[in-house]
Amino acid sequence: MSNVEATRALTRDGAIKLHGPDAFRAMHKAGRLAAQALDMLVPYAVPGTTTERLDELILEFALDHKAIPATLNYRGYRHSICTSINHVVCHGMPSAKPLRDGDIVNIDVTLIVDGWHGDTSRMYGVGNVSRRAERLMDVTYRALQLGIEAVKPGNTTGHIGAAIQNYAEGERCSVVEDFCGHGLGQVFHDRPNILHYGKAGDGPVLKPGMIFTIEPMINLGKKDVKVLADGWTAVTRDRELSAQFEHTVVVTETGCEIFTLSPAGFDKPPYNIG
C-alpha cells in the first residue's frame, strides 16, 4: 500500500478493528485460497511465459473458486495480479512481454472470498537466476519472517519495522519506505499501517484480533523509488534489483498466526515441483 492509500486508511476510520473467531475462519479461507493461487503459478513462471498469461490464469482460478480478484478494476487498475520484475518494486502491470531467463518476479494476489480479503505475494526465480538475485530473495524472505516474529500483544508496529530494517540494512540492502503493509479484512486497505522500518516502541500497540499484512520491499541498491507515468508501476531509481514477500497475519493472545501460508510448501524459492 502506498503512503497515499495509507492516508486514506487513516482518515476512513480512526479505530483499528479487533476481529474474533468468525473473522479468523473467514480469513483463513480467503488467505489459503490466495496462497493456493500462487502455488498454481509455480510451473508457469518460466522463460517464455508472459505475465499477461499469469494474470489470465489467476482470473480463471478465482472464478473457478467463486472468488474475485480484489485488484481488478480497483481504482482503475485493470488486472487480477501485480507482476513486478527485476527493478520493479511493486504494482507492476501484466503485459505481453515474455519472462526471460534470469528474471526475478514478485506476484501479488488478493482474492475476495465471501467478502473477506486474502492478500499475499511471493518471489519467483525464472530459469537460471544469478547468485545476487538469489541472495536478495533470501534476505527479503528472512526480513519478512523476522517482522512476523515481532508480532505479539504488547509490542508495537514499530517492533515489526525495526526488526525488518535492522536485518536488511545489516545485510547491506535497503528498505523501501514509500509503501507499507496495512490492515485487512472486509476492507482491502485499512488500519493499522505497517511500516517496514522504524523504532521498536513506535506506532500503535498490537492487540489480539488485529489483522494486517506485512510486505517488505527490499532493494539491493538504494531505497529510492519512483512511480512511472502509468500511475502504478514503482521502480528503483538506480535500477537495482528489488524483491518482496507478503503474508497476512493476525495477532493472537500469545503471538500471531499466518493466514497465507502455502499449502504446497512454496513459501520461498526455489520451488521443487518434481
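As a reminder, the structure under discussion sits directly above these lines.
Conventions used here
Residues numbered from 1 in each chain as written. Predicted model: local features only at pLDDT ≥ 70, side-chain atom pairs only at ≥ 80, totals over all residues. Heavy atoms only, no water. Helix = DSSP H or I, 4+ residues; strand = E, 2+ residues; numbered from the N terminus. Rg over C-alpha atoms; globule rule 2.2 N^0.38 Å. Buried < 20%, exposed > 50% of the residue type's maximum accessible area, 1.4 Å probe, protein only. Expected span 1.5 Å × (residues − 1). Contact = heavy atoms within 4.5 Å. Axes fitted to C-alpha atoms, helices over the stretch in contact; angles between N-to-C directions. Parallel < 35°, antiparallel > 145°, perpendicular 65-115°, else oblique. Left-handed = near helix turned anticlockwise from the far one by under 90°. Salt bridge = Lys/Arg side-chain N within 4 Å of Asp/Glu carboxyl O. Core = buried A, V, L, I, M, F, W, Y, C linked by side-chain atoms within 4.5 Å.

A.B. asks: Can you tell me about the overall build of the protein chain, naming the residues and giving the values?
C.D. replies: Across its full length, the protein chain carries five helices and 15 strands. Taken over C-alpha atoms, the radius of gyration comes to 17 Å for the protein chain, in line with the 19 Å a tight globule of 274 residues would show. Expressed along its principal axes, the backbone C-alpha trace of the protein chain runs to roughly 45 × 45 × 40 Å. Looking at the protein chain as a whole, 57% of its 274 residues qualify as buried.

A.B. asks: So what about helix H5 (residues 157-170)? Which residues, and what values?
C.D. replies: With 14 residues, H5 extends 20 Å between its outermost C-alpha atoms, agreeing within 8% with the 20 Å of an ideal straight helix rising 1.5 Å per residue. Residues of H5 that are buried sit in contact with helix H4 (131-149), strand S6 (174-175), strand S8 (190-194), strand S9 (211-214) and strand S10 (217-219). Just downstream of H5 lies Arg172, where phi reads positive at about 65°.

A.B. asks: So what's going on with the packing of H4 against H5? Which residues, and what values?
C.D. replies: Where H4 contacts H5, the axes come no closer than 8 Å and their chain directions differ by 150°. By the angle class used here, H4 and H5 are roughly antiparallel. The element H4 and its partner H5 pack so that their crossing is right-handed. Residues Val139, Arg142, Ala143, Leu146 and Gly147 of H4 lie in contact with H5, whose contacting residues are Ile160, Ala163, Ile164, Tyr167 and Ala168.

A.B. asks: So what about H4? Which residues, and what values?
C.D. replies: The end-to-end C-alpha separation of H4 is 27 Å, in line with the 27 Å expected for 19 residues at 1.5 Å each. Those residues of H4 that fall on the buried side of the exposure criterion are Ala133, Leu136, Met137, Val139, Thr140, Tyr141, Ala143, Leu144, Gln145, Leu146, Gly147 and Ile148.

A.B. asks: Let's hear about the pattern of salt bridges: which residues, and what values?
C.D. replies: Here the structure, examined in full by the defined rule, presents 12 salt bridges. Where Lys17 meets Asp190, a salt bridge forms, and the shortest distance between an N and an O atom there is 2.5 Å. Of the two residues, Lys17 is situated in the loop between helix H1 (3-12) and helix H2 (21-41) and Asp190 in strand S8; the sequence distance between them amounts to 173 residues. Between Lys223 and Glu177 there is a salt bridge whose closest N-O contact spans 3.2 Å. Taken together, the residues Lys223 in the loop between S10 and strand S11 (225-227) and Glu177 in the loop between S6 and strand S7 (181-183) connect sequence positions 46 residues apart. With a relative accessible area of 36%, Lys223 lands in the partly exposed category. A network of salt bridges, in which partner residues are shared, links Arg53, Glu56 and Glu60.

A.B. asks: Report on the nonpolar core, specifying residues and quantitative values.
C.D. replies: Grouped together as the largest cluster of nonpolar side chains are 71 residues, with contacts concentrated most on Tyr124, Ile160, Phe212 and Ile214. Mapped by element, the contributors of at least two residues to this core are H2, helix H3 (51-64), strand S4 (104-113), strand S5 (116-125), H4, H5, S9 and strand S14 (247-251). Sorting elements by how many residues they give to this core places H2 first, with nine residues. Membership of the second largest hydrophobic core comes to seven residues, among which are Cys90, Phe179, Met217 and Val225.

A.B. asks: I'd love a proper account of the environment of Asn73, names of residues and values included.
C.D. replies: Relative to the helices and strands, Asn73 is located in the loop between strand S1 (68-69) and strand S2 (82-85). You can call Asn73 exposed: its relative accessible area is 61%. Distance from Asn73 to Pro204, taken between C-alpha atoms, is 32 Å for residues 131 residues apart in sequence.

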